[in-house]
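# Results of the structural survey
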Amino acid sequence: MAHSHSHDEPAPLTPTQQRQQRHASRILVIVLVPLAIATFAALLLMWPKNTQDHIRQDTGIVRLPGTTYQTGTITGVQEKSCEGQVGTYPGDTSVCATLTVTVDDGPEAGSTQSFDITAPVYRSGATPGQQVRMYRVPLEGGGSLYSFVDFERTTPLVFFVALFAVLVVAVARLRGLLALVGLGFAFFILIEFMMPNLIQGKDPVLVGVVGSAAIMFVVLYTSHGFTTRTTTALVGTLFGLLVAAILGAISTRWAHLTGVIEEDDFILAASAPDLNMTSVVICSMIVAALGALNDVTITQASSVWELARTVRKPWDLYRSAMRIGRDHIASTVYTIAFASAGAALSVLLLIQIMDARLADMVVEELFAGEILRTIIGSIGLVLAVPLTTGIGVLAVTAGRAVDARSGGPDEDQRAALQHAGHDHGEVVHEVAEQEFARGDVMTDAPRRGKAAGSGEGSGSPGDDSAFKRPGS
């Protein structure tokens, strides 16, 4: 009687082994439940109130009362010399332009306004028919003053956001939709919880850890389901976040990062007097570590579960998964570095033009802060990989142990096979195959193969030829 059997798929666990695996999952839950309760309790207790009380309105740099955004349509473009424009030099031959714009909304809808624009703005493609955004400042005694702000970009932004969402849902289906929901929750916590708390002067480490942990609890379980695999990834992610928070606080103070580099930083510091600008640096390091940590830990946990289909011994499984983890660490580290370099490309080009020594520039706060942000996130990532892998291996192999004292299959398995109508010889043979597929029987595999009547006693522990059924 021939039977098809594949060693690529894991043999079903017996009720006893399922109980063992549930016990391992229960341990992970016991660890995470108090953390979840503490995280969301802190989220509620720390939820910001009256943020406007911590923002100064008399700095002279906040928008004037009554200022509104208005839209307009370009109806005419007249080229002109850039001489005298901001950012030009004597003899500059660049071409600027004067825009004629018809106001589309607001009290002066239908009126015409004129604006001078710089050469880079004109070269971006200012043509009749395009929409622009303007500030409208009401004047005392009537009338309004308009100033050019930027091009209207709502349509292309909405298009590409919608395209992204449609593709995610089309390819990943329900999981993709849930991932978008989780992403929305992440931005909600960032905007409504973390930013207001920083403005109010709260501890950046506490704000960053609580907000980031809440994001990870919701995003991971929403996107990947309530499974042991997801729980394993979450433990590794929370560990990496804690490492990033601690090292971020240490590095910020040790390197004397002020958080005040550009003009916008001075405006921010003046407008929010309770905001400690170093808090922004620390919290940014924690948030920056979120994406890479989430990616690596989920991938690592999935690698363990997939490898467990064919790799049965826990130590072999750990080593195989870590080989994947090391590749992922390497790729993620330089991905983060390239992303940082891309964000600072204009500054790097300026350094090249000025012929400044790179060794002198990297210690400037603009670069030192970005370098430390990349390094801190990478350290958390590197340490999270072996922890996630180890927890995953323990969880996925928890139900595979065979009681060596019994010298054979457990009673649950024997009863299940006998109930299916197998004779005694087939029972022993089928059990031997299943035990080998799980990695439970290695050294005595040839002996069990003979006992099953296969007639083949040769073959190494890794060679399943000793377990071929007669005639198969």
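Above: the structure in question.
Residues numbered from 1 in each chain as written. Predicted model: local features only at pLDDT ≥ 70, side-chain atom pairs only at ≥ 80, totals over all residues. Heavy atoms only, no water.

## Some details on the overall build of the chain
Across its full length, the chain holds 14 helices and 5 strands. Expressed as a percentage of its 472 residues, the buried residues of the chain come to 37%. Long-range pairs, those at least 24 residues apart, make up 70% of the contacts in the chain between residues at least 6 apart in sequence. For the chain, the accessible area works out to roughly 25900 Å², and carbon and sulfur atoms hold 63% of it. (Helix = DSSP H or I, 4+ residues; strand = E, 2+ residues; numbered from the N terminus. Buried < 20%, exposed > 50% of the residue type's maximum accessible area, 1.4 Å probe, protein only. Contact = heavy atoms within 4.5 Å. Areas by Shrake-Rupley, 256 points an atom, 1.4 Å probe, with all protein chains shown as cover.)

## Description of the pairing of strand E3 (residues 112–117)
Side chains Gln113, Phe115 and Ile117 of E3 all project onto a buried face; the interleaved residues Thr112, Ser114 and Asp116 project onto a face where none is buried. In terms of strand pairing, strand E2 (residues 95–103) meets E3 through 6 bridges, oriented antiparallel. When the sheet's bridge partners are listed, Thr102 is paired in E3 with Thr112. (Pairing = 2+ DSSP bridges.)

## Some remarks on the packing of helix H4 (residues 204–224) against helix H5 (residues 228–254)
Across the interface, H4 lies against H5 with an axial gap of 10 Å and an inter-helix angle of 160°. Relative to H5, the element H4 is oriented roughly antiparallel. Considering only the axes of H4 and H5, their crossing is right-handed. Each of Val205, Val209, Ser212, Ala213, Met216, Phe217, Leu220, Tyr221 and His224 in H4 lies in contact with H5, whose residues at this interface are Thr230, Thr231, Ala233, Leu234, Thr237, Leu238, Leu241, Ala245 and Ala249. Broken down by class, the residue content of the contact of H4 with H5 amounts to 13 nonpolar, 5 polar and no charged. (Axes fitted to C-alpha atoms, helices over the stretch in contact; angles between N-to-C directions. Parallel < 35°, antiparallel > 145°, perpendicular 65-115°, else oblique. Left-handed = near helix turned anticlockwise from the far one by under 90°. Nonpolar A, V, L, I, M, F, W, Y, C, P; charged D, E, K, R; others polar.)

## So, unusual backbone geometry
Here the phi dihedral of Arg173 falls at roughly 60°; this positive angle occurs in a residue that is not glycine. Topologically, Arg173 is positioned in helix H3 (residues 154–199).

## Regarding the side chain of Gln300
Topologically, Gln300 is positioned in helix H7 (residues 277–307). Only 3.0 Å separates the side chain of Gln300 from the side chain of Thr389, close enough to count as a polar contact. Once residues lying within four places of it in the same chain are set aside, the contact partners of Gln300 are Ala321, Met322, Ile324, Gly325, Val385, Thr388 and Thr389. (Polar contact = N/O pair within 3.5 Å; in protein donor to acceptor, adjacent residues only side chain to side chain.)

## Topic: the environment of Val219
Structurally, Val219 is set in helix H4. Given a relative accessible area of 12%, Val219 falls into the buried group. For the pair Val219 and Leu180, spaced 39 residues apart in the sequence, the C-alpha separation amounts to 9.1 Å.

Remember, this is a structural readout, not a statement about activity or role.
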